[in-house]
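Coordinate analysis (summary)
Next come the chains, spelled out residue by residue.
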Amino acid sequence: MNMAGKLVAVGTALVLVWATGGIGFAPAFAQSAKPDPASSSWAASANAETGRAEADDPVADGGSDGAPEGAAGTVDPKEHLDAESPHEEFAPDPSGSSSAESDAGEADGEDAETTDEKPLKEGILAVLALVQGDGLSSAASIERSGSTVYANGVPIVVKPDADGKAYIFDGAGTVKLDETPLASGSKVYGGGNGVDIDGNTSISVEAVSNISIFGGGYNGAVSGNARISVANASTGTVYGGGFSDGSRAADIGGSVSIDLAGTGTKSKVYGGGSAEASKGDASANVAGAVRISCENFNHQGGSSVYGGGYARTSSAYSASAQVGSVQMEGSGPTYVLRGGGWAFASGSGAAHADVLGAIEIVLTDPDVREVYSGGYADGAAATADAASVDTTVAGGEMMMLYGGGTADGGSANVAGAANVTIDGCSNLYGYTIGGGSASNAGSADVGSVAISIHDSVGPVEKQLGSWVAQAVYVGGSASGAGSHADVTGSASLAIEGGSMAGNLYGGGDASGGASATVKSLSVRLSNIAAYMFNDGNQDVAGLLSLFAAGETVEDGSSSLVQDAVDVQLSGLNLENLWGAVSAVDDDPFAPTAQVGASFQEGAGLTALLACVDRIELSHELVVPAFQPKGNGVPTMIRASNFAVGDALVTCPAPDAHADWFALDDREIGFEQREQSARWLFSRASGSIVVDPEADAGEVPEVALADPDGALSSLLTEEDQAALDGGSSVTFALKVAPHDLSSDEQSLLAEIARLASYTFVQHLDISLAKQVDGVETPLSTLSTPLRLTIATPYEAADAQTPTKYAVVRVHENPDGTLETAVLEDKDDDPATITIETDAFSTYSLAYAVEGSGGTTDPGGNGGGSGDDGSNGGEGQGGSPDGGGTGGVDGQTGSRGQNSADDPLGDGANASATGGKDSAGSLLATSDPTAVFALAAAGVTLIAACTVGAAAVRRSRRS
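Residues numbered from 1 in each chain as written. Predicted model: local features only at pLDDT ≥ 70, side-chain atom pairs only at ≥ 80, totals over all residues. Heavy atoms only, no water.

Right, let's talk about the overall build of the chain for a bit. Secondary structure summary: the chain contains eight helices and 75 strands in total. Burial status across the chain gives 53% buried among its 957 residues. In the chain, 74% of the contacts between residues at least 6 apart in sequence involve partners at least 24 apart. On the chain, roughly 38,300 Å² of surface is accessible, and the fraction owed to carbon and sulfur atoms is 46%. (Helix = DSSP H or I, 4+ residues; strand = E, 2+ residues; numbered from the N terminus. Buried < 20%, exposed > 50% of the residue type's maximum accessible area, 1.4 Å probe, protein only. Contact = heavy atoms within 4.5 Å. Areas by Shrake-Rupley, 256 points an atom, 1.4 Å probe, with all protein chains shown as cover.)

Structure, rendered in structure tokens:
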């Protein structure tokens, strides 16, 4: 066989080289960029041609030391460069000798050489170096060992030649680099065999069958990017990265790009590398992004596509096949698609196939059996986590979609959002699950979920003799004790347009003691038509049912929404709206979460309303059947656009109860007819509600001492007319902690000095009127309101008897501040009762009885040089309370240290005037310490609402 006329692929160039027998072409496989004398690429080629390759050692690492039998020697490109090369380090030997015979070639196989091969051994061909950018690097050439090819960074194309067999061509696909075809089951690596490649790799495969592809190297890293293109080919497994068994790392320093086009089945596709930790800690990471584009996934062969890598360990070694991020797009049918990686750990080592950044999946006109948007983790020490997931399905049809990952004993969490968008899908016939899937104590939590479905079809079909339709779970799916697939944050479900039937579950699906909860949920359903089908007898309208907080198995599992569910409905009829459903008996279930639903224009029910806390109505709602959340617990109604006497809810039940429904701002009318009941919109008659939600540690409890009288004094003629028209009029008293301004501090300090007050808390008390939700603040009143304020515990617990008061600082319209001391009008030491007609800053104060001063300072004492004759005589202070009182304008003495001094110095400078020296507040150079507040923004609302006069007020025990 004549081997003297072959081409060498150097980068994308073809190089003419010298041989001893004359001008010819170098062999197709020369030594790699970083030569290893123990492994000869030319030897591998010779083995392939003579049929002596190691069939069970495809990567030539199974004990083949030196050159195999019959192989020619290693080529040293430095000895055969053109003499005109400007690079001195590669200058030719001055002797002019072109001989480069390999010692390995001398050792074996001379008897097997043919006459045609001998000239090659006597004068091994050299390879010109590859020019790369700013200089000349060592030559890069492909290497072959049996059925395995290492491209060493050289761009290659694998495609059939005229004989129909697959060969390796140069990157342009025009020049064949080897005469030996690739057999079925061959492996092609873009990188090297146990060596690192500095640069990029590129592999294109066209119209061949059963070839496995690695964008990276075999136990060798690639510093740059890896590119794989497969067109009209049925391949084995495709890995965007390299392979590591732990001997050496096989990382990709850049990004990975995989393009799958045309027909043909792909057994499996991984965007990352393969790390199998059998000989040490294995690393086949991709530092950058993975991009997978598939024109036709073709699921008929059971193919699976993973956006991430493959990490496996069954030993004490760890495996890592992480990637930076994933972008996946494609069309056509596929069996299983996963946005993340696959990790398996069964020994004491760990396996990591995480996606460190975002996963983005876009499927156009797909036929998808299963989509798991996250990764897959198998084993307690396996992780296939992701930062976030965004999955979009446009058109096509789909059986099952998970927004998160799958954890079988490991971790496949999504730290951030898991977003699912389905647009124009013609056949949603299975399950859409917003979260992940967990079993065997695995974790597949997600940070938040958003499911959005537009203009799609959820049909009703007959399967195994039963009519079935789709199911949507906003949460995840978990089974077995210790497993959890929770949505740890908020979730949303929005469906708009299209025609659908089926069940919507606000929570997850959990069993066997597992957890698949959702923290809170927002649901928006609008303009959805019924799915019409014929059941064999008649046309039937298939509708959606919403189980707002989810489904519970009641076996110790947790699968419901935890906090609250807010539902907005417009332009559709629901079959059922339940707070939750029991999977045990398919009966309504009352969740702990608060469930509220707004029935907007065109929204209605055809069957059962059950276990819902509140509804908002703008039109009459017909409820064919009803179940309250509990005995005597009405569903509250917030109504708008109703006139007095209009029906709010009609229920065709002869035995309805009046307390099934109630209005939140007035009494509700009830009318029981022979075969139906109606709940009517009535005129608001007045009610007072005190909101108990404020934190007693931040603000004291405030209540109206006379609710009915307060309401009567507050309502104007205009308010009464609004009530007659069906409006709601509410007065809201709000109390919040207050930080004093400098002007307020100065005024209160003077009052404290004169009246011996100790201030314990400063409040902002405001009053507002709300008419149908429109709020107007009220700063002053014509008739005072009487308020009762719980005594702050610091004063109430004082050992010395105390006197309480409230000092009001009110800002006038011109900006000036006006103070007023509002004395306690009751004898209850636990409360302070005041009357007030202005709403501003209120400071709670007390004075210790027997201290040097009273709240009545008497006449002006002595000022401006007068003898103080107009001043009364102050009472003397006790040693603990301050100094001796001044007499007739004389100067009082300095007080002694006070045990109860809130400032801690127990003394006060002498004061002049007809009032005693105050012994606590002013004896400091930093009076602002007195007025510092822990403003926590907690607001107490005392709502004076037109309706039944009733006060809900809790007294501190």
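Attention now moves to the sheet that holds strand β37 (residues 457–458). The mixed open sheet is built from four strands, whose spatial order is β37-β43-β47-β48. Both outer strands of the open sheet, β37 and β48 (539–542), are each paired with one neighbouring strand and no more. For strand β47 (residues 529–534) and β48, the ladder comprises four bridges, and the chain directions are antiparallel. The partner of Tyr 531 across the bridge, within β48, is Gly 542. (Pairing = 2+ DSSP bridges.)

In terms of backbone geometry, most residues other than glycine have negative phi values and most peptide bonds are trans. The backbone of Asn 232 shows a phi angle near 50°, a positive value even though the residue is not glycine. Tracing the chain through its elements places Asn 232 in the loop between β13 (226–231) and β14 (235–239).

Over its 14 residues, helix α6 (residues 742–755) extends 20 Å from the first C-alpha to the last, a length consistent with the 20 Å expected when each residue adds 1.5 Å. Just beyond α6, the residue with positive phi is Ser 756, at close to 60°. (Expected span 1.5 Å × (residues − 1).)

Let us look at the sheet that holds strand β53 (residues 580–582). In spatial order, the strands read β50-β53-β54; together these three strands make up an open sheet with mixed pairing. In this open sheet, the two strands that pair with only one neighbour each are β50 (551–552) and β54 (588–589). Pairing between β50 and β53: two bridges, direction parallel. Across the sheet, residue Glu 551 finds its bridge partner in β53, namely Val 581.

Moving on: a negative patch on the surface. Residues Glu 554, Asp 555, Asp 585, Asp 586 and Asp 587 make up a contiguous surface patch of negative charge. Here Asp 555 shows up in the loop between β50 and β51 (564–570). (Patch = residues over 30% accessible without salt bridge, like charges linked within 9 Å, V, L, I, M, F, W, Y side chains within 5 Å. Salt bridge = Lys/Arg side-chain N within 4 Å of Asp/Glu carboxyl O. Lys, Arg positive; Asp, Glu negative; His and termini not counted. Charge placed at Lys NZ, Arg CZ, Asp CG, Glu CD.)

Relative to the helices and strands, Tyr 431 resides in strand β34 (residues 427–433). For Tyr 431, a relative accessible area of 43% puts it in the partly exposed group. Between the C-alpha atom of Tyr 431 and that of Gln 470, which follows or precedes it by 39 residues, the distance is 5.9 Å. Every residue in contact with Tyr 431, bar those within four places of it in the chain, is listed here: Met 399, Met 400, Leu 401, Ala 471 and Tyr 473.

Inspection of the secondary structure assignment puts Ser 676 in the loop between β63 (669–672) and β64 (677–680). The buried category is assigned to Ser 676, whose relative accessible area is 18%. Excluding residues within four positions of it along the chain, Ser 676 makes contact with Cys 651, Pro 652, Ala 653 and Glu 671.

What follows deals with the pattern of salt bridges. Close approach of charged atoms allows side chains with opposite charge to pair. Counted under the stated rule, the structure contains 20 salt bridges. Its salt-bridge partner being Asp 566, residue Arg 524 comes within 3.1 Å of it at the nearest N-O pair. You can see Arg 524 sitting in strand β46 (residues 518–526) and its partner Asp 566 sitting in strand β51, a full 42 residues away along the chain. Classification of Arg 524 as partly exposed rests on a relative accessible area of 30%.

A few words on the packing of aromatic side chains. Within this structure, the stated rule accounts for 24 aromatic pairs. Ring geometry for Tyr 150 versus Tyr 189: centroids 5.4 Å apart, planes at 20°, classification stacked. Here Tyr 189 lies in strand β10 (residues 187–189) and Tyr 150 lies in strand β7 (residues 148–150), a separation of 39 residues in the sequence. Exposure class is identical for Tyr 150 and Tyr 189. Each is buried. Relative to Tyr 270, the ring of Tyr 239 has its centre 5.1 Å away and its plane inclined at 5°; by these criteria the two rings are stacked. Note that Tyr 239 is positioned in strand β14 and Tyr 270 in strand β17 (residues 266–270), a separation of 31 residues in sequence. Residue Tyr 239 is classed as buried on the basis of its relative accessible area of 10%. In this structure Tyr 270 comes out as buried when scored by relative accessible area, which is 3%. Here the aromatic residues Tyr 150, Tyr 189, Phe 214, Tyr 218, Tyr 239, Phe 243, Tyr 270, Tyr 306, Tyr 310, Trp 342, Phe 344 and Tyr 376 are joined through ring pairs into a cluster of three or more. Sitting above the plane of the Phe 169 ring, Lys 159 keeps its charged end 4.9 Å from the centroid. A cation sits over an aromatic face here: Arg 338 above Tyr 372, 4.1 Å from the ring centre. (Phe/Tyr/Trp six-rings, centres within 6.5 Å; stacked < 30°, edge-to-face > 60°. Lys NZ or Arg CZ within 6 Å of the ring centre and 35° of its normal.)

This next bit is on the nonpolar core. One finds Ile 156, Val 158, Leu 525, Leu 577, Phe 599, Ile 615 and Phe 661 to be the most contacted residues of the largest nonpolar core, which totals 113 residues. Ranked by the residues each element gives to this core, the list is headed by strand β27 (residues 355–372), at six residues. The contacts of Ile 156, once residues within four sequence positions are left out, are Ile 142, Ala 151, Ile 168, Phe 169, Asp 170, Gly 171, Leu 177, Val 188, Ser 202, Ile 203 and Ser 204. Judged by nonpolar contacts, the second largest core, of 31 residues, contains Ala 684, Leu 733, Val 735 and Ala 820. (Core = buried A, V, L, I, M, F, W, Y, C linked by side-chain atoms within 4.5 Å.)

Within helix α4 (residues 707–714), burial applies to Pro 707, Ala 710, Leu 711 and Leu 714. The arc that holds every buried residue of α4, seen down its axis, measures 95°, which confines them to one face. (Arc of directions from axis to C-beta.)

This next bit is on the side chain of Asp 445. Along the polypeptide, Asp 445 turns up in the loop between β35 (437–439) and β36 (446–454). Apart from the residues lying within four places of it in its own chain, the contact partners of Asp 445 are Asn 413, Val 414, His 484, Ala 485, Asp 486 and Thr 488.

Attention now moves to the confidence of the model for the chain. Do not read the fine detail of predicted coordinates wherever pLDDT is low. Overall, the prediction assigns the chain a mean pLDDT of 76, with 71% of residues at 70 or greater. Across residues 1–139, confidence stays below pLDDT 50; counting only partners more than four residues off in sequence or on other chains, it has 219 contacts. Under a pLDDT of 50 for its full length, residues 852–957 has, in the predicted model, 255 contacts with residues more than four places off or in other chains. (pLDDT = per-residue confidence, 0-100.)

With that settled, consider the pairing of β14. For β14, a buried count of five out of five residues is recorded, marking the element as mostly surrounded by other parts of the structure. Sheet analysis places strand β12 (residues 212–214) next to β14, joined by two bridges and oriented parallel. What sits directly across from Phe 214, in β14, is Tyr 239. Pairing of β14 with β17 involves four bridges; the strand directions are parallel. Residue Tyr 239 lies in a different strand from β17, and its bridge partner there is Tyr 270.

Another aspect to go through is the environment of Gly 349. If you trace the backbone, Gly 349 turns up in the loop between β25 (342–345) and β26 (351–352). Take Gly 349: its relative accessible area is 2%, and that puts it in the buried class. Along the backbone, Gly 349 and Asp 281 are 68 residues apart, and their C-alpha atoms lie at a distance of 8.7 Å. Ignoring anything within four residues of it in the chain, the contact list for Gly 349 reads Thr 313, Ser 315, Ala 316, Tyr 317, Ser 318 and Ala 381.

Next up on the list: the environment of Cys 651. Positionally, Cys 651 belongs in strand β61 (residues 647–651). Put simply, Cys 651 and Leu 621 are 30 residues apart on the chain and 8.6 Å apart in space, counted from C-alpha to C-alpha. The residues contacting Cys 651, other than those within four sequence positions of it, are Val 623, Pro 624, Trp 660, Ser 676, Ala 677 and Trp 679.

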